[in-house]
Amino acid sequence: MQHRITIEGSAQAFVSHSGQSALDAMVGRPSALEVGCRSGGCGVCRVEVLSGSFARGEMSAEQISAECRSRGIALACRVFPNSDLHLRPLGKRVGKGCTPNADVAELLRSLTRIARCGDHRSEPGACT
Ligand code: FES
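## A look at the overall build of the protein chain
Okay, so step 1: When helices and strands are counted, the protein chain shows three helices and seven strands.
Okay, so step 2: When the helices and strands of the protein chain are listed from N to C terminus, the series reads β-β-α-β-β-α-β-β-β-α.
Okay, so step 3: Within the protein chain, buried positions represent 35% of all 128 residues.
Okay, so step 4: Accessible surface for the protein chain amounts to roughly 7,300 Å². Of this, 50% is attributable to carbon and sulfur atoms.

Structure representation (structure tokens):
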């Protein structure tokens, strides 16, 4: 069975064949999605699924948190369409309303401390 895959902000359409991931349907053709490990580990193919249904292959929990999953965010290399799909490319960006993974969250806390206190070594609450 074939499904049509479209990308937000692009006039391009791709066709996925039975058992083929959304990303694999695009490989070899210019698209808005980056191609990395193709095994759900690196996160460069992160997308928000705006419409359509799909089965999820195994994805790194570091790249896709439970909150991300609940918001329809997935890795295109591990998205197997069950219908036509419309995708929003996110890449390494975190999706709207999706909590960053632990490393990004810690970086944001550090940047906040620097902005507030001027010293990345300051403990949270040590300055106002
Ligand atoms: S290409 Fe690496 S997670 Fe999809």
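## Focus on the pattern of salt bridges
Okay, so step 1: The full count for this structure, using the stated rule, is three salt bridges.
Okay, so step 2: Residues Glu48 and Arg88 are paired through a salt bridge, measuring 3.1 Å at the closest nitrogen-oxygen approach. One end of the pair, Glu48, is in strand 3 (residues 46-51); the other, Arg88, is in strand 7 (residues 85-89), and 40 residues separate them in sequence.

## What to know about the pairing of strand 7
Okay, so step 1: Burial along strand 7 is one-sided: the residues Leu85, Leu87 and Pro89 are buried and none of His86 and Arg88 is.
Okay, so step 2: With three bridges joining them, strand 1 (residues 3-7) and strand 7 adopt parallel strand pairing. Across the sheet, Ile7 pairs through a bridge with Leu87, a residue of strand 7.
Okay, so step 3: Pairing of strand 3 with strand 7 involves four bridges; the strand directions are antiparallel. By the bridge assignment for strand 7, Ser51 is matched with His86.

## Things to note about the environment of Arg56
Okay, so step 1: Inspection of the secondary structure puts Arg56 in strand 4 (residues 54-56).
Okay, so step 2: We classify Arg56 as partly exposed; its relative accessible area is 27%.
Okay, so step 3: Sequence spacing of Arg56 and Arg69 is 13 residues, and the spatial spacing of their C-alpha atoms is 9.7 Å.
Okay, so step 4: Excluding its chain neighbours within four sequence positions, the residues that come into contact with Arg56 are Ile64, Arg69, Gly72, Ile73, Ala74 and Arg78.

## Overview of the nonpolar core
Okay, so step 1: Ile5, Met26, Ala76, Val79 and Leu87 are the most contacted members of the largest nonpolar core, which totals 24 residues.
Okay, so step 2: Going through the elements one at a time, strand 1, helix 1 (22-26), strand 3, strand 5 (73-75) and strand 7 are the ones with two or more residues in this core.
Okay, so step 3: The greatest single-element share of this core, amounting to four residues, is contributed by helix 1.
Okay, so step 4: Look past the residues within four positions of Met26 in its chain and what remains in contact with it is Ile5, Ile7, Phe14, Ser31, Leu33 and Leu87.

The rules we used
- Residues numbered from 1 in each chain as written.
- Predicted model: local features only at pLDDT ≥ 70, side-chain atom pairs only at ≥ 80, totals over all residues.
- Heavy atoms only, no water.
- Helix = DSSP H or I, 4+ residues; strand = E, 2+ residues; numbered from the N terminus.
- Buried < 20%, exposed > 50% of the residue type's maximum accessible area, 1.4 Å probe, protein only.
- Areas by Shrake-Rupley, 256 points an atom, 1.4 Å probe, with all protein chains shown as cover.
- Salt bridge = Lys/Arg side-chain N within 4 Å of Asp/Glu carboxyl O.
- Pairing = 2+ DSSP bridges.
- Contact = heavy atoms within 4.5 Å.
- Core = buried A, V, L, I, M, F, W, Y, C linked by side-chain atoms within 4.5 Å.

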